[in-house]
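The chain contents come next:
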Amino acid sequence: MLRMNDLEHRLRRCFHAVFPALSDSVISTVSVEGVSQWDSVAHVTLLEVIHEEFGVLAAEDDAEQLTSFPAWMDYLRQRGQ
Amino acid sequence: MKLREALEVIQAQPAAGAPFHVTLACGFTPLHLATLLHAHIQRSRPHNRVKINTGLYDDLVGTISTAAPSVQGVIVQMEWPDLDPRLGLRQLGGWSPTAIPDIIASARRKLDILQEALKSAAATGPVILSPPLLELLPMFHTAPRQLSADAARLEADLADFLARIAAAGITVLHPDPLPHPPRFDVRAYLQSGFPYHVDFADAVARQLAALLLPPAPLKGVITDLDDTLWKGIVGEVGAANVTWDLASHSQIHGVYQTLLQSLADAGVLVGVASKNSLGEVEEVLRRPDLLVSERSLFPLEVSWGPKSEAVARILRVWNIAADSVVFVDDSPMELAEVSSAFPSIKTLAFPTGDTEACWRTIGELRELFGKPLLTEEDRIRVDSVRGAAVLDGATASAGGQSDRFLEQSGALLTIDRVELDDARAWELVNKTNQFNLNGRRVTQVEWREMLARPSAFALVVSYQDKYGPLGKIAVLAGETSGDILRLHTWVMSCRAFSRRIEFECLRYLFDEFAVREINLDFETTPKNGPLRVFLERVTDCPGTITLASLNHLCPPLFHSVIGNATHERS
């Protein structure tokens, strides 16, 4: 099971790799509406980076809903149990 | 490389670095291939700001045709749907047997169009083509285990196209060395239009980057003899009984000999370092069944002394540095002894009796010495090194560079303008280390841009004397402004040292361009000591040579000079 701090730290690294302009203070609350760089290419890149990091490949239907940092936290927490 | 690592490499690129733009043309969404390619090129060009231009998806030919001439290369990643959309999964409707002939005809037409676009792009810079890396879809009536005639026809048309492209001088990626399954990511392809698993995309990107920015091939291989070039110890079993054939279970040594001959024919220097008696070795080398010619092995360092001393003597004769050389031996102790004396030398084991390991060594040698094309200089290299050794020996016995000796050598210098397609001139600039003004390497595009400048000149110098031709051995490039000449490129092959060619080159520049001063873009590198020593001898102040100082310090010159590089003076 993934520990909370470890999970968040690793997910932050993934988000930071895809959205390098985001500051640490906002990264844990970002969503697709607030990040202009979060387009379809960035979304697919984020899916793959998270897949590499956690070994979790989001199903197509799930992927459409994973449009914020908190949504990813919840999703990964569920997969970690 | 993982995708996150690639993104971090890209983010760390220097903001102020010179731009290095590459076009990636592919019919599918380039996504991770573009990212990984970017990262691999960025790693090879850490001081540049690399950018990958991708053009419009689904328009392979359009992206190739509209690539800016200033890009450093065009990389084309084909897949089957580029030849006909019905060969992909994102447009359906072509799996009926009645549709196949039309798909084949359509693919042929597309290959012809693609060929023209590739040739046109190759006229302005490097083009690298990767053929389809995914299998044809299960669209034919046969079970996958059976090759259908239609699939064979498509693949044959593709193979014919690739042969024409490669023959036209365009670099083609060979798919065989790439890792095999899994390649096709059907989920990602249907979801986002990207067809590869990311690990496979990384392997492709790595190879494409290496084709765009290939590492300089090594220059020489020094080989052991007993249990390496042949099986057996010649001093124990005699010259007639060392083997390299199937019947004696030693065929892998014959394969190694065949490779060495192939390398020698491609201009690689092949020397011998062996602990043996010279007479016995020469007896083996005269055997008619030997697969590498005795003439291709030079020099032969056969003695009972340490291998490192033999290697040192060979390096002196070749006049190249240890880091340009591979040493091959069956003995781990000999490899370690040589490696200890020459830490920068590459050592490879040829463990006789372990055929698999020997085979891997043979593959690694081909990798280290692979070159995209062969030049006339490659063909004559071994002979010219022999000639240089004769000259050096004669010079030494005459007590140095005696005027009388040089006068009698019948030296002829031919100086020509560098043509755009002169691969040897570009190669010299990019591989010469010791006599190199500043060690700067240039891409083909940078080289062409430099040659196109109105005030620029670029000269290539060829040399021959009574000991034989050396071919093209020096390149000088720069610009003139009034009576000042700025030399930003000056390289000379180490085979041409000790002939006063460097003095003749300077004299030619002063005479041909009617300048009073030459400014040199000299920078010290770890390896350009020979040029630095020469400049310290002839320059008044660092980086400047005047005609007066040259006249004062220049020794007598005896070359005949044919200058074919007459230019318009600015």
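Shown above is the structure to which this text applies.
Keep in mind it's a predicted model, so treat the numbers as computed, not measured.

Caption draft 1: Quick peek at the packing of helix H2 (residues 31-44) of chain B against helix H7 (residues 198-212) of chain B. Residues and elements named next belong to chain B. As a packed pair, H2 and H7 sit with axes 8 Å apart at the nearest point and diverge in direction by 40 degrees. Relative to H7, the element H2 is oriented oblique. Crossing angle aside, the handedness with which H2 passes H7 is right-handed. On H7, the residues that touch His32, Leu33, Leu36, Leu37, His40, Ile41 and Ser44 of H2 are Val198, Ala201, Asp202, Val204, Ala205, Arg206, Leu208, Ala209 and Leu212. In the contact of H2 with H7, the residues fall into 11 nonpolar, 3 polar and 2 charged.

Caption draft 2: How the structure looks around the sheet that holds strand E10 (residues 346-349) of chain B. All names here are of chain B. One open sheet holds the 5 strands; their spatial order is E8-E7-E6-E9-E10, and the pairing between them is parallel. At either end of the open sheet lies a strand with only one pairing partner, and these are strand E8 (297-303) and E10. The mean angle between the axes of side-by-side strands here comes to 20 degrees, regardless of whether they run parallel or antiparallel. Judged from the 5 bridges that link them, strand E7 (residues 269-275) and E8 form a sheet pairing that is parallel. Across the sheet, the residue bridging to Val270 is Leu297, located in E8. Along the sheet face, helix H12 (residues 332-341) touches strand E9 (325-329) and E10 and points at about 180 degrees away from the line of E10.

Caption draft 3: Structural context of the pairing of strand E2 (residues 48-53) of chain B. Residues and elements named next belong to chain B. Where strand E1 (residues 18-26) and E2 come together, 6 bridges link them in parallel fashion. Note on E2: the bridge partner recorded for Pro19 is Arg49. Chirality of the crossover, the property in question, places the unit of E1, H2 and E2 among those that are right-handed.

Caption draft 4: Fine view of helix H1 (residues 3-11) of chain B. Along H1 of chain B, the residues that are buried comprise Leu3, Ala6, Leu7 and Val9 of chain B. Down the axis of H1 of chain B, the smallest arc covering the buried residues is 160 degrees, so these residues share one side.

Caption draft 5: Examining the nonpolar core more closely. All names here are of chain B. Ranked by internal contacts, the top residues of the largest apolar core, which has 64 residues, are Leu33, Leu37, Val76, Leu118 and Leu129. With residues up to four places along the chain from it excluded, the contact list for Leu118 reads Ile64, Val76, Val127, Leu129, Ile165 and Ile170. Judged by nonpolar contacts, the second largest core, of 42 residues, contains Tyr256, Leu269, Ala273 and Ala310.

Reading the values: the criteria
Residues numbered from 1 in each chain as written. Chains lettered and ligands numbered in written order. Predicted model: local features only at pLDDT ≥ 70, side-chain atom pairs only at ≥ 80, totals over all residues. Axes fitted to C-alpha atoms, helices over the stretch in contact; angles between N-to-C directions. Helix = DSSP H or I, 4+ residues; strand = E, 2+ residues; numbered from the N terminus. Parallel < 35°, antiparallel > 145°, perpendicular 65-115°, else oblique. Left-handed = near helix turned anticlockwise from the far one by under 90°. Contact = placed C-beta atoms within 7 Å. Nonpolar A, V, L, I, M, F, W, Y, C, P; charged D, E, K, R; others polar. Pairing = 2+ DSSP bridges. Right-handed = clockwise from strand over helix to strand, strands pointing away. Buried ≥ 20, exposed ≤ 12 C-beta atoms within 10 Å, placed from the backbone. Arc of directions from axis to C-beta. Core = buried A, V, L, I, M, F, W, Y, C linked by C-beta atoms within 7 Å.

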